[in-house]
Amino acid sequence: MLAMDYRGPKRVRAVQKPMPEIKHPQDAIVRVLRTCICGSDLHLYNGNVPDTRVGSTFGHEFVGEVVEVGAEVTKVKVGDRVIVPFNISCGECHFCRQGMFGNCHESNTEATAVGAIYGYSHTAGGFNGGQAEYCRVPYANVGPTIIPEGMDLDDAVLLTDVVPTGYQAAEMAGIQKGDTVLVFGAGPIGIMAARCAWLFGAGRVMIVDQEDYRLEFARNYSYCEAYNFNEMGDPVVFFKKITDWLGPDCVIDAVGAEAAGNTMQTITGRKLLLQAGSATALHWAINSVKKGGVVSIVGVYGPTDNLVPIGNVLNKGLTVRANQASVKRLLPRLIEHVQNGVLNPKGMITHRLPLEEVADGYRMFSAKLDNCIKTVLLPPTANQ
C-alpha cells in the first residue's frame, strides 16, 4: 500500500509499505478515505518530538471504511464508514471510564502521561497513522464511530481532532456568559476554538497570530477580532489595554511548542531543544489573562520541562486546564452540531492533495505557503 514515510526532520515521502494486519482480536483494518495534515504533525516533521523514528507513518486525523475485523469486534462491521478518533483508547481503564479517553492507561506502553495517538512517535505508543491507504485500528469496539448517513466525509474527517480539540479548548476555558476570550494561534485548532467560544456564551472573542492570511480567515470563519502580534509591541500590555487593564477572562493556548515571538524561547525551545518547545504563547497567556482567570492549553508541548512563570499563576490566582481532547466523549454532541449546521468543519479546508504529494503538502503547510489553513490528503484507493 502507499503510505507516508518519515525519513528525518523535514524529510517525508510517499512509499510502498506492507499492508497492516490484524494483531489482536479487537483490531480492525480501515481503508482510509480522507486523512489530514495536522499542525501537531509539524512538531514531528520539524524534529521537535522525542523518539520520532525513521520509517514512521504519521496521521492521526482520518476516516475510512472497515475492510476487516478481529474475532472479538462487535461494534463495527466490514463496510461501515467510520470516524476514527485520534486517541487510541481501551474504554475500560480507570481514565477511560471517566471519559478521559486521551489519557488511556492501557494503550500506550511507552509513557504514563498520555494515552496512545495514531502516528505520533513512540512517546505516544509507536502506532502507525492514517496518512496511508490502510490503517490498523486497535480497540475497534471503542474508538471508531459510524459516520451518520449523509454526512460529508470532509466534515467527518475534521471530527477526528480539529473540531473536538477546538471545542474542548473552549470547554476547558470555563467560559461564562459575556466573557472575553483570547486565543493564541490562528491555526485550525485556534480558529475552531474561537468559533466554539461563542457556543459557550462568550461576549467577545479575539485571536492573535503573525500571519495575516490566517487572521483574515479567522475573522471570516470564527466571527472574531483578529490581531497580528508583530504590530502591537508587547502583546500582554496590548491585551490588557483593550480590556480595561484587567485582561481577558479566559485565554486559550492553541500554539504549543513552535511559538514565535520571543528570541530566548525560540533559541532554547526550538533550536537547541533545551526545553520542550518555545513556551512564548504560554507566557503571554499566563501574563495577559485577568486575575482569577482561566488558561486553557491544547497546544502541544514535549514531555520534558518548559520554562513557565508558575509564580504568576500562583500570585494571580489562575486556573490552568490542559489535556488532549477526549474525542469519543465529545463526538455525539459535535455530530449533532454539524448535522444542525451549528458548525461547518469542511469550511476550514483550503487544500486537497493526493497522498502521492504528501511531501509537498508538508512543505506548503510548514512554510505557510499558498494561504494554507487545512490540507486533506486523498489516498489512491479512496474512490474505489
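Our structure's up above, just so we're on the same page.
Residues numbered from 1 in each chain as written. Predicted model: local features only at pLDDT ≥ 70, side-chain atom pairs only at ≥ 80, totals over all residues. Heavy atoms only, no water.

Turning next to the pattern of salt bridges. For the structure on display, the rule yields 15 salt bridges. Glu-171 is the partner of Arg-329 in a salt bridge, and the nearest nitrogen-oxygen pair spans 2.9 Å. Of this pair, Arg-329 sits in helix 10 (residues 327–339) while Glu-171 sits in helix 3 (residues 162–172), and the two are 158 residues apart along the sequence. A salt bridge links Glu-216 to Arg-219; the shortest N-O distance between them is 3.0 Å. On the criterion of helical spacing, the pair formed by Glu-216 and Arg-219 is a turn pair, its members being 3 residues apart in helix 5 (residues 212–222). Look at Arg-219 and you get partly exposed, because its relative accessible area is 36%. By sharing partners, the salt bridges in this structure join Asp-5, Arg-7 and Lys-17 into a single network. (Salt bridge = Lys/Arg side-chain N within 4 Å of Asp/Glu carboxyl O. Helix = DSSP H or I, 4+ residues; strand = E, 2+ residues; numbered from the N terminus. Buried < 20%, exposed > 50% of the residue type's maximum accessible area, 1.4 Å probe, protein only.)

By volume, the largest pocket is sized at about 940 Å³. Forming the boundary of the largest pocket are 48 residues, of which Gly-39, His-43, Arg-214, Val-255 and Glu-258 lie nearest the centre. Sort the elements by how many residues they give to the lining of the largest pocket and helix 1 (residues 39–45) lands first, with 4 residues. Space inside the second largest pocket adds up to approximately 790 Å³. (1 Å grid on protein atoms, 1.4 Å probe; cavity = no way out; pocket = protein on both sides within 12 Å on 5 of 7 lines; lining within 4 Å. Points joined across faces, edges and corners; volume = space filled by probe spheres on them.)

Here we take up the environment of Ala-193. With respect to the helices, strands and loops of the structure, Ala-193 is situated in helix 4 (residues 188–197). Assessed through its relative accessible area of 0%, Ala-193 is described here as buried. Among all residues touching Ala-193, those that are not within four sequence positions of it are Gly-166, Ala-169, Ala-170 and Ile-252. (Contact = heavy atoms within 4.5 Å.)

Turning our attention to the sheet that holds strand 15 (residues 319–322). The strand order across the open sheet formed by 6 strands is 12-11-10-13-14-15, and the pairing between neighbours is parallel. Of all strands in the sheet, those bounded by a partner on one side alone are strand 12 (225–228) and strand 15. This sheet shows a mean twist of 20° between the axes of neighbouring strands, independent of strand direction. Looking at chain direction, strand 13 (residues 250–253) and strand 14 (residues 294–297) are connected through 4 bridges and run parallel. When the bridges of strand 14 are listed, Asp-253 appears paired with Ile-297. (Pairing = 2+ DSSP bridges. Axes fitted to C-alpha atoms, helices over the stretch in contact; angles between N-to-C directions.)

To continue, consider the packing of helix 3 against helix 4. In contact at an axis separation of 7 Å, helix 3 and helix 4 are set at 55° when each is read in the N-to-C sense. The orientation of helix 3 relative to helix 4 falls into the category oblique. When you trace helix 3 past helix 4, the crossing you get is right-handed. Contact with helix 3, carried on its side by Val-162, Val-163, Thr-165, Gly-166, Tyr-167, Ala-169 and Ala-170, involves Pro-188, Ile-189, Met-192, Ala-193, Cys-196 and Ala-197 of helix 4 and no other residues of that element. Of the residues belonging to the contact of helix 3 with helix 4, the class tally is 11 nonpolar, 2 polar and no charged. (Parallel < 35°, antiparallel > 145°, perpendicular 65-115°, else oblique. Left-handed = near helix turned anticlockwise from the far one by under 90°. Nonpolar A, V, L, I, M, F, W, Y, C, P; charged D, E, K, R; others polar.)

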